[in-house]
Amino acid sequence: MHLYEWAGKDLLRGAGIAVPRGRLVHSPEQAAAACGELGGTAILKAQVRQGRRGKAGLIRKVESGEAAAVAADLLASSLEGEPVQALLVEEPVAASGEWYAAITMDDLSGRPVALVSLKGGTEVEAEAELPIRMEINPLRGLSRHDAATLWRTAGLRGMLLRPAADALVGLYKVFVESDAVLVEVNPLFSRGDEPSIAGDAKVVIDESSLFRHPQWRDERLADPMLHPLERKAASLGVVYIELDGDIAVLSGGAGATMALLDAIQHHGGRPANFLDAAGGSGPETLRHMVDLVLEKVATDERVKAVVLNVTVAGTPLESFVKGATVALSQRPSRVPIFGCVRAAAAAVRTMSLAEGAAILSDHGVRLFPDLRQAVLAAVACSRGDQ
Amino acid sequence: MAILVSRDTRLLVMGISGRYARNQVREMVAYGSRVVAGVTLGRGGETVDEVPVYDTVREALQEHAVEGALLYVPAPAAREAALEVLEAGIRLAVIVTEGMPVQDAAYVRAFAEECGAWVVGPNTAGLIAPGQCLAGSIAPSYTMPGPVGLLSRSGTLSFEVARSLTEAGLGQSTVVAIGGDAVIGKNPAAYLKAFEEDPDTEAVVLLGEVGGQKEHEAAATIARMTKPVVALIVGRSVPPGKTMGHAGALIAREDQGAEAKERVLRDAGCLIADTLWEIPHLVSQVLGR
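Residues numbered from 1 in each chain as written. Chains lettered and ligands numbered in written order. Predicted model: local features only at pLDDT ≥ 70, side-chain atom pairs only at ≥ 80, totals over all residues. Heavy atoms only, no water.

1. With respect to the overall build of chain A
Quick note on the threshold: Comment: elements are numbered from the N terminus, with helices defined as DSSP H or I runs of at least four residues and strands as E runs of at least two. Here the term buried applies to any residue with accessible area under 20% of the maximum for its type, exposed to any over 50%, and partly exposed to those in between, with areas from a 1.4 Å probe on protein chains only. Contact between two residues is taken to exist if any of their heavy atoms lie within 4.5 Å; hydrogens are not considered. Methods summary: accessible areas were calculated by the Shrake-Rupley approach with a probe of 1.4 Å, and residue burial reflects only the protein chains presented. Charge assignment in this entry is limited to Lys and Arg as positive and Asp and Glu as negative, and neither His nor the chain termini are counted. A charge is said to be at NZ when it belongs to Lys, at CZ for Arg, at CG for Asp and at CD for Glu.
Looking only at helices and strands, one finds 13 helices and 18 strands in chain A. With respect to the principal axes defined by its C-alpha atoms, chain A has extents near 75 × 50 × 35 Å. Sorting the 386 residues of chain A into buried and exposed places 53% on the buried side. In chain A, the share of contacts with a sequence separation of at least 24, taken over all contacts with a separation of at least 6, comes to 68%. Counting every atom, chain A has about 16,000 Å² of accessible surface; 51% of that belongs to carbon and sulfur. Computed over 40 positive and 48 negative side-chain charges, the inter-centroid distance for chain A is 2 Å.

Dropping the structure here:
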């Protein structure tokens, strides 16, 4: 999950990295007051999770007199659908250079990598200037001399090496302690041999680590960009993603579900959602998944068909069938459900596949011997061919 | 032969006393896998399906020789459990655990690299060498012995594809779910090399996903392989920036999308399936059947 700039800067400050003096505000009046406190000139920075705010005009330098009006303008705007709900009001920084520094996780080596460049700001964003990179052994961490060596490779010399190395070591500390997958500062303001100042902070937290960081859990559910069903699913331990098609999907397993969505698209249909059980798919979770899809069908009139694809192996078929039929009785689907249900040997001890299929058919599920036929039928139905 | 496990592999199960682990152990023992010991701190002296339980891995190893460990432990405990297994000298660790923090996975991977161990997962359904050894929850009834090596970032997708291969009479040397997370113990390239060296594998099926660089690295390995490879990349329908269940399937850049991955794999000599049900047909084709 992406943290807001202000939250990222809190983490940096906690790790000993200097950040500009500033205040988080939620109204034009607060913005004007904060601007006055900072000496009359300030930078107003809209707090949205998407990048490229500068280009979108969401970062503005103001004098006291105009602060309220500009703040009102910013607070009424949005970026890629995300409304601006708060502004960070900061003092301008006098800098001799704008650098780039980041720590991210490399999925190939499985190791954190440090990235630095002496041409920060928009040049790195535009990929005109590629940062220099160095792998970090997580068993050993990032030492100050390794950090300094990396900056030297990037071309830095002399007393400037000290604050640069210190900032990078601080970023790695934030990366590890916050369970981040990305900590990026662009620009990192250079001020001679004085400590560098983080002009921005982009921190992405690993969602799997939230059991160690409960403070971010609520933050994630409060994300204004989440669809109500996505938020509900997240609180139930299910991953649901809203898509804009007309074929709802009830399927388990991330890979199998992605393959199913691809197949729907391949055959000319448009999937309406993604669904996956996070952390095991016990009977409880399976029932939540059926409920979520039925709610999607009930609340989105665009949906014209449902594809159900279930392969049970660890979970008994009986518990899936029971959960599904309870949900279907409570909230019958207004559109046809085309399904393919399979069960491995271990899942059919208390209910055979034929018995399960008969019960699902009684509840209106149209079952097919293979998934391809179910997909083709759903696509035909969504086009009104059936 | 197979990769990683064989009929001789003796297995230890971490977290054997949990409900899910017990069920899996029953399936593994029923299949003929040699589950020789379990470990759950505080449960030493008990048995699970006649498998003796120990408090620590070291204690278990005083009584049993073990070639591989399966980890059925909750995410917050996974890092410590994996390090316990590796420090005790076990050289194959299958981390079934879902939702292991990325940094814990990275730490374990780096540790495993230093001691020369092979980590499968995290977030894996494990592996099966049909007719020899089940180490995990890949449904045995969906597999049969044969010449196809199957590796998949997704457990459920490996079930689907194994089943369709078996129905088509195409048996498997090993089916392995390598883990769905962004950082896993071994990348697809390592499994491809192992299949290339395995005398019982004649063709390989690679089930990849959008996101990350792993398929690009795999393509470089495939270009040097003598055995044919059939690949399916899922996640074409994933909107950029969204994580669809697998942490590894987040598309951050254009070259991490399905088309870009298919292109590099095709250039490396791979046959690309458009949908999962084309796979048996393509495998028959490359095997000349």
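2. Comments concerning the pattern of salt bridges
Here is the rule: Definition used for salt bridges: Asp or Glu carboxyl oxygen within 4 Å of a side-chain nitrogen of Lys or Arg.
What the rule picks out here adds up to 41 salt bridges over all chains. The salt bridge involving Arg 140 of chain A is made with Glu 114 of chain B; its shortest N-O contact spans 3.0 Å. On the criterion of chain membership, the pair formed by Arg 140 of chain A in the loop between strand 9 (132–135) and helix 5 (144–153) and Glu 114 of chain B in helix 4 (residues 102–115) is interchain, its members lying in two chains. A salt bridge links Arg 109 of chain B to Glu 113 of chain B, with the shortest nitrogen-to-oxygen separation between them at 3.1 Å. Pair noted here: Arg 109 of chain B and Glu 113 of chain B are both in helix 4, with a separation of four residues, about one helical turn. Residue classification places Glu 113 of chain B among the partly exposed residues on the basis of a relative accessible area of 37%. Beyond isolated ion pairs, a larger network of salt bridges with shared partners links Glu 5, Lys 9, Lys 45, Arg 53, Glu 90 and Asp 200 of chain A.

3. Section: the sheet that holds strand 16 (residues 305–312) of chain A
Residues and elements named next belong to chain A. Short version of the rule: Criterion used throughout: strands pair if DSSP finds at least two bridges between them. Angles shown run from 0 to 180 degrees and are taken between the N-to-C directions of axes, each axis being a line fitted to C-alpha atoms and, for helices, limited to the stretch in contact.
Sheet architecture is open: four strands sit in the order 14-16-17-18, paired in parallel fashion. Sheet topology places strand 14 (247–251) and strand 18 (365–367) at the edges, where each strand pairs with a single neighbour. Each neighbouring strand pair of the sheet contributes to a mean axis angle of 25°, computed without reference to strand direction. Pairing geometry for strand 14 and strand 16, over five bridges, is parallel. Looking at the pairing, Ser 251 lines up with Asn 309 of strand 16. Helix 9 (residues 254–266) contacts strand 14 and strand 16 of the sheet and is inclined by roughly 155° relative to strand 14. Running over the sheet, helix 11 (residues 317–330) touches strand 16, strand 17 (337–343) and strand 18 and is turned about 155° from strand 16.

4. Examining the layout of surface pockets
Empty pockets left among the atoms are what a rolling probe the size of a water molecule brings to light. Basically, it comes down to this: Grid spacing is 1 Å over the protein atoms alone, the probe is 1.4 Å, and a cavity is where that probe fits but cannot get out, while a pocket is an open set with protein on both sides within 12 Å along at least five of seven lines and lining residues have an atom within 4 Å of a point. Grid points are joined across faces, edges and corners, and a volume is the space filled by probe spheres set on the points.
Computed from the structure, the second largest pocket encloses a volume of approximately 250 Å³. Residue lining of the second largest pocket: 14 residues in total, with Asp 370 of chain A together with Arg 163, Ser 164, Glu 167 and Trp 277 of chain B positioned closest to the centre. Taken together, the elements giving at least two residues each to the lining of the second largest pocket come down to helix 13 (371–382) of chain A together with helix 5 (155–167) and helix 9 (279–287) of chain B. Broken down by element, the lining of the second largest pocket gets its largest block of residues, four residues, from helix 5 of chain B.

5. Here's the deal with the side chain of Thr 201 of chain B
All names here are of chain B. Operational definition: Between N or O atoms, a polar contact is any pair within 3.5 Å; within protein, one atom must be a potential hydrogen donor and the other a potential acceptor, and residues adjacent in sequence are included only when both atoms are from side chains.
As for its placement among the helices and strands, Thr 201 is situated in the loop between helix 6 (188–197) and strand 12 (203–209). Here Asp 198 takes part through its side chain, which lies 2.5 Å from a polar atom of the side chain of Thr 201. Look past the residues within four positions of Thr 201 in its chain and what remains in contact with it is Pro 147, Gly 149, Ser 173, Phe 195 and Lys 227.

6. Quick word on the sheet that holds strand 14 (residues 271–272) of chain B
Residues and elements named next belong to chain B. Taking strand neighbours across the sheet as the criterion, the seven strands line up as 9-8-11-10-12-13-14 in an open arrangement whose pairing is mixed. One side of each edge strand has no neighbouring strand; the edge strands of this open sheet are strand 9 (133–136) and strand 14. As defined by bridge partners, strand 8 (residues 126–129) adjoins strand 9 across four bridges and the pair is classed as antiparallel. Following the sheet pairing, Gly 126 is matched in strand 9 by Gly 136. In the packing of helix 1 (residues 19–31) onto the sheet, the strands contacted are strand 8 and strand 9, and the crossing angle to strand 9 comes to about 170°. Against the sheet, helix 7 (residues 214–222) makes contact with strand 12 and strand 13 (229–234), and its axis sits at roughly 160° relative to strand 12, the strand it touches most.

7. Examining the interface of chain B and chain A
Interface size is commonly expressed as the accessible area that is lost once the parts come together. Condition: Accessible area that two parts lose when put together, evaluated with a 1.4 Å probe and summed over both, is termed the buried area. When residues are sorted by character, Ala, Val, Leu, Ile, Met, Phe, Trp, Tyr, Cys and Pro go into the nonpolar class, Asp, Glu, Lys and Arg into the charged class, and all the rest, Gly among them, into the polar class.
Across the boundary between the two partners, chain B contributes 52 residues, which contact 57 residues of chain A. Summed over both sides, the interface between chain B and chain A buries roughly 4,200 Å², with carbon and sulfur atoms accounting for 61% of that surface. Our count for the chain B to chain A interface comes out at six salt bridges. For the interface between chain B and chain A, the tally reads 21 residue pairs in polar contact (both at pLDDT 80 or more). The set of elements that each furnish at least two residues to the side of chain B that touches chain A consists of helix 1, helix 3 (75–87), helix 4, helix 5, helix 7 and strand 13 of chain B. The element best represented in the side of chain B that touches chain A is helix 4 of chain B, accounting for ten residues. Grouping the constituent residues of the side of chain B that touches chain A by class yields 23 nonpolar, 15 polar and 14 charged.

8. Notes on helix 7 of chain B
Going by this rule: The arc in question is traced by the directions running from the helix axis to the C-beta atoms.
Residues Lys 214, Glu 215, Ala 218, Ala 219, Thr 221 and Ile 222 of chain B constitute the buried set of helix 7 of chain B. Buried residues in helix 7 of chain B, looked at end-on, bunch into an arc of 160°, giving them a common side.

9. Concerning unusual backbone geometry
With an omega dihedral of 10°, the bond running from Asn 186 of chain A to Pro 187 of chain A counts as a cis peptide bond. Checked against the element boundaries, Pro 187 of chain A lands in strand 10 (residues 180–191). Cis geometry marks the peptide bond from Gly 121 of chain B to Pro 122 of chain B; its omega dihedral reads 5°. Positioned with a positive phi, Glu 80 of chain A is a non-glycine residue whose angle comes to about 45°. Tracing the backbone through its elements, the reader meets Glu 80 of chain A in the loop between strand 4 (78–79) and strand 5 (82–83). Its relative accessible area of 61% is what places Glu 80 of chain A among the exposed residues. Even without glycine at this site, Glu 50 of chain B takes up a positive phi of about 70°. Inspection of the secondary structure assignment puts Glu 50 of chain B in the loop between strand 3 (47–48) and strand 4 (51–54).

10. Examining the domain arrangement of chain B
All names here are of chain B. For the record, the criterion: An automatic or database domain assignment is the source of the domain bounds shown.
As far as domains go, chain B holds domain 1 (10–120) and domain 2 (138–287). Centre-to-centre, using C-alpha coordinates, domain 1 lies 26 Å away from domain 2. Opposite the ten residues of domain 1 that make contact, domain 2 presents 14 residues. Surface buried jointly by domain 1 and domain 2 totals about 980 Å² across both partners, of which 62% is contributed by carbon and sulfur atoms. Here domain 1 is connected to domain 2 by zero salt bridges. Viewed at the interface, domain 2 and domain 1 are joined by four residue pairs in polar contact (both at pLDDT 80 or more). For the side of domain 1 that touches domain 2, the elements supplying multiple residues, two or more each, are helix 4 and strand 7 (118–120). Here the side of domain 1 that touches domain 2 takes four residues from helix 4, the largest share from any one element.

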